[in-house]
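# Chain and residue survey
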Amino acid sequence: MTKKPAYLLTTDAALAQFNTSPDGLKGNQVAVRQEKFGPNSIAVGHREQWWRKYLRQFKDLMIVLLVASALLAWYLQDARTAIILVVLVSFNTLIGFFQEYRAEKTMQALEKLVTPLAQVYRDGKLEQIPSRELVPGDIVRLVEGDSVPADVRIIDELAFSTNDFALTGESDPTRKFTHVISKAVPLNNRHNLAFMGTTVATGEAKGLVVATAGDTELGRIASLSQATVQEMSPLQRELRHIATRVTYGVVILCLILLFVAMQADMALKDAFLFAVGFASSLVPQGLPAEINTSLAQAAGKLARAKALVKKLSAVETLGATHIICTDKTGTLTKNEMTVQQLYVADTVYEVTGTGYEWNGEIRAKGRPLALKQTNAFAEFFAAGALASNAKVLPPDDTHRSWYCLGDPTEGALITLARKARVDIESWQAKLPEICELTFDSARKRMTSVRQFNATTAVAYTKGAPENVLERCTHIWDGRRVQKLTDAQRRQIIAKHTEWAQDAMRNLAYARREMPLSLAKEGTIEQLETDLTFMGMVSMSDPLRDDVPAAIAAAQQAHIKINIVTGDFALTAEAIARKAGLDQVGEMTVVTGEQLDAMSDKAVLKRVLAGSTIFSRVDPEDKMRIVTLVKQAGLVVAVTGDGINDAPALKRADIGVAMGVTGTDVAKQSSEIILLDDSFNTLVRAVQYGRTIFANIKKSTLSCFTSNFAELVVNILSLIVMSLLGIPLAIGVIQILAIDLLAELFPIAALGWDKAEGETMKEAPRDPKEHIMNWRNITDLAWCGLLIGGAAFVNYLLFFGRQGVDAQTVDTTSLLYFQATTLTYVTIVVCQLANIIQRRSVRGVFTKYQLHNWHFWAAVAFSMACVLTIVYNPVVASYFKSGQLGLIDWAFAIGAAVLFLAVREAQRLLQHKRSLA
């Protein structure tokens, strides 16, 4: 509908272009436009149905292999093997599904509509409707505290300003006006527009809806984030790497050994069943469940630590983070303006406390201001509150702490007066307001004119120090009023400059007594003259208390931190210094204009160096930075809370949104939500991520150890069967029982292992380095040879102890079942010893082995399952197992002891070589 941008049109031209009037649309117009434009809501992505979410779990190649094995076993009428494989598949898929489903339900509970209701003029009447029913051409009323329900062209206003930080990244409220803008300007300079998703800071306005839903600036940015393709996490890529190679290996070796089995005179069906068992022995059946269990319990830990994990893989991704690109406002800072210093009567006073709660005091030289002096300064403190329209309110159902409704700067002035124990309501009742001279960008002042008595009025002015000073002729020294000298002006300006260089926002207070008639009839020029300077306050959006320690911890962990913000460079730089970003490397500031002029190579160099502040950037700039880091092969985490952060949050390897101050679009675009908005929680999550990867690595290597051992037993059995006619040393269903009942729970319990050593002092792991590298494969082959060889030797020795020729044994006899059971038990006991040995880099004999009671409970449970398989007649018949005697157990445990001895000797030798 709009041919020319609304901000380039006069109010009358804009109304004409949208075929509407200040009284609003008529009923028939609304229906037609609703049909044309649809609902005024932002689509934040299609929510996946539960059954699709469950089916998605079957994309895992190892799950596919297990399903294929189960189908083949069922086709060959081996129901027992098929049932166990189905149980394994169900266990694996359900764990991943339920964790993701539970996280999504939690997210739905957190979700809120961006702008649920709107006040709109229709047929000349003001009514309240759901904001989704707005259409272009509607006339809306916006008042202090409202969310802006659509993109709006301001047609009438009174002291109207909006909080745009969620969209533009700027922490200061933006003053709006009605007049036309003569030429095209950037988004954050279109001050006759109010944008969907922002909030009204002060005043009220009447506006023309010029864009709804996806046509708004919010919708444009949201669609940009939706268009971003979500890539696999480092852990997902690693598991895909493992699964791909396992699949190739299984298929190739199965075909080879199927041919060998047939050459050993095995029946075709038996050969196929052997191949299925062999495939099952190579596929780490429990690995997906073990990893999902580890990630799920880590996600539970993070939830208790105030970090909601939406995707399991995000837990580990944080641990691999090389670069953190963090927003400033609301992430490093509290987004709560706080007065920190006063300059009154040639003296600087300190103000303690942060935020809008009145839990601070005014101090002079480290000591609280005396009550007598506080009372003497009462009018000074009251002046700021009387010249403010904001409200400071206590915690409620939607706010955890005291909060400001309106301009945060004015909220800070009201809080300052409360800290000085000034009764603001009493002052307001005693001095009723006659008129208000609203702030504008030319005067940079705001004045509240109030009636003092029947003949006199008093005006309280606040504004930029230099602009207030130019209207002052006198100064209050704390006791009396005297003539303002040039020296005093220079001194005030010097203090203002000093504080401004520390990125503080300074406001000067002034007052003037005048005849009541002048107060009612005078112009701005007449009222804001001959002022008396009262003093100056200095405020800032305070740094979160835990940020410096968190940034220091991240830098110690060799993680590069950069600030990417839409705020001013000076403000961002001051916050960065307070946060300690300059403690590691040289801190550099890059503005949006400089960024546009830089090559990709230069930008990447700055990001990789860390401690870089990118200021006054837009969503596309953030996307560019994140994309460059990802193209360099490094893992990047992005934090943010605003609408403008959403595309970068989704593009990053790990998007971290703020749960308290974050917008819905930001939360939808992220993988992790910090429920307490704490940067410290993010760093703690990185530590969890590193620990969980170490545990997953232990789980993966432990799992494959038994697979290699089973492979060795199968190969040795085939060779001996081909040469000597001795039957296979272990049955297919017993191989599956190792993964399902014997090792699954102890390996899964490794997820509760705590960090070992100085995890947060190590560099992030190289994403190109695989768990299944040649060094680890060689180690697995060696362990598999030790365990598999010991198990096969025990199998042959069993027949020798029984005085039976293994070549003539009946494969349906109890004796044969006992022999295969000993093979099974030997692998199980050695595997448990292997898991224990792999838990710690310091080996078996260390206190670290005792901290995780979940692990030892799992070991006990696994052994209970093994004993049930061996000695319960009903279960034993299903698994084709036979009871073992004490001497048999001695051989199995002896194999485990021998294995541990070899592994410990190997570890000590490697340690000795590393010290040499």
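Residues numbered from 1 in each chain as written. Predicted model: local features only at pLDDT ≥ 70, side-chain atom pairs only at ≥ 80, totals over all residues. Heavy atoms only, no water.

## Side note on the overall build of the protein chain
Helix and strand counts for the protein chain come out as 34 helices and 28 strands. Within the protein chain, the proportion of its 916 residues that are buried is 57%. Across the protein chain, the fraction of contacts at a sequence separation of at least 24, relative to all contacts at a separation of at least 6, is 72%. Of the roughly 38,200 Å² of accessible surface on the protein chain, 58% is carried by carbon and sulfur atoms. (Helix = DSSP H or I, 4+ residues; strand = E, 2+ residues; numbered from the N terminus. Buried < 20%, exposed > 50% of the residue type's maximum accessible area, 1.4 Å probe, protein only. Contact = heavy atoms within 4.5 Å. Areas by Shrake-Rupley, 256 points an atom, 1.4 Å probe, with all protein chains shown as cover.)

## Let's talk about the packing of helix α20 (residues 547-556) against helix α27 (residues 679-724)
Relative orientation of the contacting elements α20 and α27 amounts to 25°, with a least axis distance of 8 Å. For the element pair α20 / α27, the angle class is roughly parallel. The handedness of the crossing between α20 and α27 comes out as left-handed. Between α20 and α27, the contacting residues are Val547, Ala550, Ile551, Ala553 and Ala554 on the first element and Phe679, Asn680 and Val683 on the second. Among the residues making up the contact of α20 with α27, the classes are represented as seven nonpolar, one polar and no charged. (Axes fitted to C-alpha atoms, helices over the stretch in contact; angles between N-to-C directions. Parallel < 35°, antiparallel > 145°, perpendicular 65-115°, else oblique. Left-handed = near helix turned anticlockwise from the far one by under 90°. Nonpolar A, V, L, I, M, F, W, Y, C, P; charged D, E, K, R; others polar.)

## A short note on the sheet that holds strand β26 (residues 636-640)
The mixed open sheet is built from eight strands, whose spatial order is β8-β28-β27-β26-β9-β23-β25-β24. Both outer strands of the open sheet, β8 (307-309) and β24 (588-591), are each paired with one neighbouring strand and no more. Put simply, the sheet's adjacent strands are angled 20° from each other on average, direction ignored. Of the pairings in the sheet, the one linking strand β23 (residues 560-564) to strand β25 (residues 612-615) comprises two bridges and is parallel in character. Looking across to β25, one finds that Val564 is bridged to Phe614. Sheet strands in contact with helix α21 (residues 569-579) are β23, β24 and β25, and its direction is about 150° off that of β25. Here helix α24 (residues 619-631) sits on the sheet and contacts β9 (323-326), β23, β25 and β26; the angle it forms with β26, its principal contact strand, is near 160°. (Pairing = 2+ DSSP bridges.)

## A look at the pairing of strand β10 (residues 338-344)
Counting buried positions over the seven residues of β10 gives five, a clear majority of the element. Sheet topology places β10 next to strand β22 (residues 531-540); five bridges connect them, and they run antiparallel. Considered in β22, the bridge of Leu342 is made with Val537. Both β10 and strand β11 (residues 347-351) contribute to a ladder of four bridges, which runs antiparallel. If you follow Tyr343 over to β11, its bridge partner there is Val348. Hairpin connection between β10 and β11: a loop of two residues separates the two successive antiparallel strands, and Ala345 in this loop has a positive phi of roughly 50°.

## Some points on a nonpolar patch on the surface
Together, Leu72, Tyr75, Met262, Leu268 and Phe272 line one region of the surface with nonpolar side chains, adding up to about 500 Å² of accessible area. Those elements that provide at least two residues to the nonpolar patch are α4 (61-75) and α9 (268-282). Position of Phe272 among the secondary structure elements: in helix α9. A relative accessible area of 30% places Phe272 in the partly exposed class. (Patch = residues over 30% accessible without salt bridge, like charges linked within 9 Å, V, L, I, M, F, W, Y side chains within 5 Å. Salt bridge = Lys/Arg side-chain N within 4 Å of Asp/Glu carboxyl O.)

## Side note on the side chain of Glu904
Here Glu904 is to be found in helix α34 (residues 886-915). Given a relative accessible area of 11%, Glu904 falls into the buried group. For Glu904, the side chain forms a polar contact with the main-chain nitrogen of Val844, separated by 3.5 Å. At 3.2 Å, the side chain of Glu904 forms a polar contact with the side chain of Arg907. Among residues more than four places away in sequence, those in contact with Glu904 are Gln837, Gly843, Val844 and Phe845. (Polar contact = N/O pair within 3.5 Å; in protein donor to acceptor, adjacent residues only side chain to side chain.)

## A word on the pattern of salt bridges
Scanning the model with the defined rule gives 27 salt bridges in all. With a shortest N-O distance of 3.7 Å, Glu204 and Arg141 are connected by a salt bridge. Here Arg141 lies in strand β3 (residues 139-143) and Glu204 lies in strand β7 (residues 199-211), a separation of 63 residues in the sequence. One salt bridge connects Arg363 with Glu361, and the closest N-O pair in it is separated by 2.5 Å. Owing to a relative accessible area of 24%, Arg363 belongs among the partly exposed residues under this scheme.

## Looking at the pairing of strand β18 (residues 456-463)
Most of β18 is tucked away: eight of the eight residues are buried. Side-chain alternation along β18 places Thr456, Val458, Tyr460 and Lys462 on one buried face and Ala457, Ala459, Thr461 and Gly463 on a second face that is also buried. In the sheet, strand β17 (residues 445-451) pairs with β18 via seven bridges, with the strands oriented antiparallel. Looking at β18, one finds that Met446 is bridged to Lys462.

## Overview of the environment of Arg489
Checked against the element boundaries, Arg489 lands in helix α17 (residues 486-500). Expressed as a C-alpha distance, the spacing of Arg489 and Leu469, which sit 20 residues apart in the sequence, is 7.4 Å. Ignoring sequence-local partners within four residues, the contact set of Arg489 consists of Leu469, Glu470, Cys472, Thr473 and Leu484.

## Describing unusual backbone geometry
Backbone geometry places Ala213, a non-glycine residue, at a positive phi of 50°. Residue placement: Ala213 occurs in the loop between β7 and α7 (217-226). When its relative accessible area of 9% is taken as the criterion, Ala213 is described as buried. The backbone of His558 shows a phi angle near 65°, a positive value even though the residue is not glycine. The exposure class of His558 is partly exposed, given its relative accessible area of 44%.

## Quick look at the side chain of Arg445
On the secondary structure map, Arg445 appears in strand β17. Here Asn467 takes part through its backbone oxygen, which lies 2.8 Å from a polar atom of the side chain of Arg445. Separated by 3.0 Å, the side chains of Arg445 and Glu528 make a polar contact.

## Re the packing of aromatic side chains
Think of a pair of aromatic rings as described by two things: how far the centres are apart, and how the planes are tilted against each other in angle. As enumerated under the stated definition, the model contains 12 aromatic pairs in all. Summarising the aromatic geometry, the rings of Tyr349 and Phe377 are spaced 5.8 Å apart at their centres and angled 80° between planes, so their arrangement reads as edge-to-face. Here the residue Tyr349 occupies a position in strand β11, and Phe377 occupies one in the loop between α12 (371-376) and α13 (378-386), the gap between them amounting to 28 residues. Of the two residues, Tyr349 and Phe377, both sit in the buried class. Relative to Trp402, the ring of Trp358 lies with its centre 4.8 Å away and its plane at 40°, an arrangement referred to as tilted. Taken together, the residues span a long stretch of sequence, with Trp358 in the loop between β11 and β12 (362-364) and Trp402 in the loop between β14 (391-393) and β15 (403-405) at a distance of 44 residues. (Phe/Tyr/Trp six-rings, centres within 6.5 Å; stacked < 30°, edge-to-face > 60°.)

## Observations concerning helix α32 (residues 853-871)
Helix length check: α32, at 19 residues, gives a terminal C-alpha distance of 27 Å against a target of 27 Å (1.5 Å per residue), a fit within 8%. Burial in α32 covers these residues: Phe855, Ala858, Val859, Ser862, Cys865, Val866, Ile869 and Val870. The arc that holds every buried residue of α32, seen down its axis, measures 135°, which confines them to one face. The N-cap of α32, judged by a side-chain oxygen 3.1 Å from the amide nitrogen of His854 a few residues on, is Asn852. (Expected span 1.5 Å × (residues − 1). Arc of directions from axis to C-beta.)

## Points about the environment of Ala14
Structurally, Ala14 is set in helix α1 (residues 11-17). In this structure the C-alpha to C-alpha distance between Ala14 and Ile154, which are 140 residues apart in sequence, comes to 10.0 Å.

## Looking at the environment of Ile887
Within the fold, Ile887 resides in helix α34. As a C-alpha pair, Ile887 and Arg801 span 86 residues in sequence and 9.8 Å in three-dimensional space.

## Section: the nonpolar core
Counting 71 residues, the largest nonpolar core has Tyr795, Phe799, Tyr824, Val825 and Val866 as the members making the most contacts within it. In terms of residues, this core owes the most to one element, helix α31 (residues 814-839), which gives 14 residues. Once residues within four sequence positions are removed from consideration, Val866 is found in contact with Ala742, Tyr824, Val825, Val828 and Trp889. Listed in part, the 42 residues of the second largest apolar core include Ala298, Ala314, Leu332 and Ile692. (Core = buried A, V, L, I, M, F, W, Y, C linked by side-chain atoms within 4.5 Å.)

## Some thoughts on the confidence of the model for the protein chain
Do not read the predicted coordinates in detail wherever pLDDT is low. In this model, the protein chain carries a mean pLDDT of 84, and residues with pLDDT of at least 70 account for 89%. In the model, residues 109-115 has pLDDT below 50 throughout and makes 16 contacts with residues more than four positions away in sequence or in other chains. (pLDDT = per-residue confidence, 0-100.)

## Quick word on the packing of helix α28 (residues 732-742) against α32
Two elements in contact, α28 and α32, have axes whose closest approach is 9 Å; the angle formed by their N-to-C orientations is 145°. Counted together, Ala737, Leu741 and Ala742 of α28 and Ser862, Cys865, Val866 and Ile869 of α32 form the full contact between these two elements. Residue classes in the contact of α28 with α32 are distributed as six nonpolar, one polar and no charged.

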